[in-house]
Amino acid sequence: MFVLSHYNSVLVSKSRNRVMSGVSNGDAASVKKLPSVKFTKLFIDGEFVDSVSGKTFESIDPRSGEVIASISEGDKEDIDIAVKAARHAFDFGPWPRMSGADRAKILMKWAELIDEHAEELATLDAIDAGKLYHTCKNLEVPASANTLRYYAGAADKIHGEVLKMSREFHAYTLLEPVGVVGHITPWNFPNTMFYIKVAPSLAAGCTMVVKPAEQTPLSALYNAHLSKLAGIPDGVINVVTGFGPTAGAALSSHMDVDKVSFTGSTQTGREIMQAAAKSNLKQVSLELGGKSPLIIFDDADVEKAAELALIGILYNKGEVCVASSRVFVQEGIYDEFEKKLLEKAKAWVVGDPFDPKVQQGPQVDKEQFEKILSYIEHGKREGATLLTGGKTLGNKGYFIEPTIFSDIKDDMLIAQDEIFGPVMALKKFKSIEEAIKSANNSKYGLAAGIVTKNLDTANTVSRSIRAGTVWINCYFAFGDDVPFGGYKMSGFGKDHGLEALHKYLQVKSVVTPLYNSPWL
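Positions within a chain are numbered from 1, following the residues in the order the chain's sequence is written. Given that this is a predicted model, residues contribute local features only at a pLDDT of at least 70 and side-chain atom pairs are listed and counted only at 80 or more, while totals for whole chains, interfaces and linings are drawn from all residues. The side-chain values count all of the structure's non-hydrogen atoms but skip hydrogen atoms and water molecules.

### Let's talk about the overall build of the protein
At step 1: Looking only at helices and strands, the protein has 15 helices and 26 strands in total.
At step 2: Throughout, the radius of gyration refers to the C-alpha atoms, and the reference size of a globule is 2.2 Å times the residue count to the power 0.38. A compact globule built from 520 residues would reach a C-alpha radius of gyration of about 24 Å, and the protein, at 24 Å, matches this within 12%.
At step 3: Over its C-alpha atoms, taken along the principal directions, the protein stretches across nearly 75 × 60 × 40 Å.
At step 4: Buried, partly exposed and exposed residues are distinguished by accessible area as a fraction of the type maximum, computed with a 1.4 Å probe on protein chains only: under 20%, between the cut-offs, and over 50%, respectively. Here the protein holds 520 residues, and the buried ones make up 59% of them.
At step 5: What makes two residues a contact is simply this: any of their non-hydrogen atoms within 4.5 Å. By sequence separation, contacts in the protein at least 24 residues apart represent 76% of the contacts at least 6 residues apart. Where helices and strands are cited, they refer to DSSP runs of H or I of at least four residues and of E of at least two residues respectively, numbered from the N terminus.

Here it is, written out as structure tokens:
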């Protein structure tokens, strides 16, 4: 996806030295003329169609709270139709029966289309999710195209093994596509997560139904359009927009869905597992919540560590599952670090996500906005010290100041719960052992960061923290070739890397007798 490190931060500009008192220029649409939304219907069996019920729901612009478009609201009946199309495409269609090389050609064509339509995709995520337009266009959308290219390169390299049995049998394994997959994607990275899930499952030969988050349906529908242009056969990709308790639940419990891949909250992940167990025991992979620690040691470069910590919590307005929401700083540099951190936080620019000077847009919707504010009030009541921020900005939209609490205790709610917003919990520590204990004092285990110049410290801490990814002297260092997923209540199963490809494949063992062989 992208890399944020001490030495390579694409998101920080030294010319940005103020926090906006509200939405930049007073009008969130003033910087860029917005195109009309082209696709608002369900995409099933290669066509855009109305929902069976004819119902729609409103997609809301978080910059203003105004309606962007009315979107077809899919329900159980629509999921049934979409799954039927995906099942027919898997059982009888060409996609699973193509050579990997032929699938790769189509995926590569699709990647080219993403690059050609980067502006539209970036605009849709900016108006639907409050994401920074220029970051989407220049970083996240091109990364989505590269995700397709990565798995296109893997599509013709799906091989089993020849096994030497200890008896007079010859055996080998086949890797076969798991079947019809239900993808349920989150709202914080709508375009990125669409491709992280769709690309490896397509390379494996699966067909699928995608249920995007109801808060951010627009880019998923546009991507369905691009899939058709690229030559993905009808029925292979279906997109049903709707709500979790209806469309999402129907997909999770459907008897003809072979696997569900979900990214989102831990509570919803539980419900998906229950639905899978009660239906056809379909496979499940879950990427869930996080409360990631960033541990900064006395030997760190304070300036760069403060920059890393701030971006770790404020990138994408804190709506990141691996946000460095708990920052532990060793006592020898704590005071200097806190001073630098506050300087940077107070200079952070909040406003219109289409303004290239802006570093933080609005929270995704009113519900998330109010949830974050409630956690800020919890922090105050629990006795944490509010160093900066904590207030809303502007008279419309869902903008929140960068917020930093200090004097944190490990059992405080703001140190335990995933807030999913621009709220940092800052704590001082003395020893390595103390830092490790605090870092592991969480029900989550998605990611962690370490800032130190000491290799022994880095090795000790990275092996001691129970998390699926540990970044040393960098943060948000994702890549298509590096597996990503959690420990504990952060879920199981990996996105990215060949591990993601293999979770959409199943192993078949084939055994045949050997007769009169000169050797086993």
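### Some words on the pattern of salt bridges
At step 1: Throughout this description, the term salt bridge denotes a Lys or Arg side-chain nitrogen within 4 Å of a carboxyl oxygen of Asp or Glu. Within the structure shown, the criterion is met by 22 salt bridges.
At step 2: Across the salt bridge formed by Asp-256 and Arg-87, the nearest N and O atoms sit 3.6 Å from each other. One end of the pair, Asp-256, is in the loop between α7 (244-252) and β11 (259-263); the other, Arg-87, is in helix α1 (residues 76-92), with 169 residues separating them in the sequence.
At step 3: A relative accessible area of 32% places Asp-256 in the partly exposed class.
At step 4: For the salt bridge of Glu-176 with Lys-508, the shortest nitrogen-to-oxygen distance reads 3.1 Å. Pair noted here: Glu-176 is in strand β7 (residues 169-177) and Lys-508 is in strand β26 (residues 505-513), with a separation of 332 residues, a long-range link.
At step 5: For Glu-176, a relative accessible area of 25% gives the class partly exposed.
At step 6: With a relative accessible area of 39%, Lys-508 lands in the partly exposed category.
At step 7: Salt bridges sharing partners connect three or more residues here, namely Arg-87, Asp-91, Asp-256 and Asp-258.

### Observations concerning the UniProt feature "active site" (unreviewed entry) in the protein
At step 1: In the UniProt entry, the feature "active site" (unreviewed entry) is given for Glu-287.
At step 2: Counting through the fold element by element, Glu-287 comes out in strand β12 (residues 283-287). UniProt positions are given in the numbering used here, feature names are shortened, and annotations may be inferred rather than shown by experiment.

### Topic: unusual backbone geometry
At step 1: Not every positive phi belongs to a glycine, and Leu-281 is a case in point at roughly 55°.
At step 2: Positive phi outside glycine occurs at Phe-420, with the angle close to 60°.
At step 3: Mapped onto the fold, Phe-420 is located in the loop between α12 (413-416) and β19 (423-429).
At step 4: Among the residues examined, Phe-420 registers a relative accessible area of 14% and is labelled buried.

### Some details on helix α8 (residues 266-278)
At step 1: With 13 residues, α8 ought to run about 18 Å at 1.5 Å a step, and its terminal C-alpha atoms sit 19 Å apart, in line with that.
At step 2: Looking at the packing, one finds that the buried side of α8 touches β8 (180-184), α7, β11, β12 and β20 (444-445). Working rule for helices: expected span equals 1.5 Å times residues minus one.

### What about the nonpolar core?
At step 1: Only buried residues count toward a nonpolar core, which is a set of Ala, Val, Leu, Ile, Met, Phe, Trp, Tyr and Cys residues joined through side-chain atoms within 4.5 Å. Core analysis: the largest hydrophobic core is formed by 59 residues, its most contacted members being Leu-107, Trp-110, Ile-114, Leu-202, Ile-232, Ile-237 and Val-239.
At step 2: Core analysis: the second largest hydrophobic core is formed by 49 residues, Ile-311, Val-364, Leu-393 and Val-451 among them.

### Details of the pairing of β7
On any regular strand, side chains alternate: one points to one face of the sheet, the next to the other face.
At step 1: Pairing between two strands is assigned when DSSP locates at least 2 bridges connecting them. Looking at chain direction, strand β6 (residues 162-164) and β7 are connected through three bridges and run antiparallel. Note on β7: the bridge partner recorded for Val-162 is Tyr-172.
At step 2: Where β7 meets β26, nine bridges bridge the pair, whose relative direction is antiparallel. Residue pairing across strands places Pro-177 opposite Leu-505, the latter belonging to β26.

### Some remarks on the state of the cysteines
At step 1: Any pair of cysteine sulfurs within 2.5 Å is marked as a disulfide. Under the counting rule described, the total for this entry stands at zero disulfides.
At step 2: Note on Cys-136: no disulfide assigned, nearest cysteine sulfur contributed by Cys-321 at a separation of 16 Å.
At step 3: With no disulfide of its own, Cys-474 lies 16 Å from the sulfur of Cys-321, the closest cysteine sulfur.

### What to know about the sheet that holds β26
At step 1: Taken in spatial order, the three strands of this open sheet run β6-β7-β26, and their pairing is antiparallel. Since the sheet does not close on itself, it has two edges, and those belong to β6 and β26, each with one partner. The sheet shows a mean angle of 25° between the axes of neighbouring strands, taken without regard to direction. Whenever a helix is involved, its axis is fitted only over the stretch in contact; in every case the axis is a line through C-alpha atoms, and angles between N-to-C directions fall within 0 to 180 degrees.

### Observations regarding the packing of helix α2 (residues 100-116) against helix α4 (residues 133-154)
At step 1: Running from N to C, α2 and α4 point in directions that differ by 170°, and their axes come no closer than 8 Å. Judged on the interaxial angle alone, α4 and α2 are roughly antiparallel. Facing α2, whose interface residues are Ala-104, Leu-107, Met-108, Trp-110, Ala-111, Glu-112, Ile-114 and Asp-115, α4 presents Val-141, Pro-142, Ser-144, Ala-145, Leu-148, Arg-149, Tyr-151 and Ala-152.
At step 2: Polar here means any residue other than Ala, Val, Leu, Ile, Met, Phe, Trp, Tyr, Cys and Pro, which are nonpolar, and Asp, Glu, Lys and Arg, which are charged; Gly is therefore polar. Class assignment of the residues belonging to the contact of α2 with α4 gives a composition of twelve nonpolar, one polar and three charged. An angle counts as roughly parallel when it lies under 35 degrees, as roughly antiparallel when it exceeds 145, as roughly perpendicular when it falls between 65 and 115, and as oblique in every other case.

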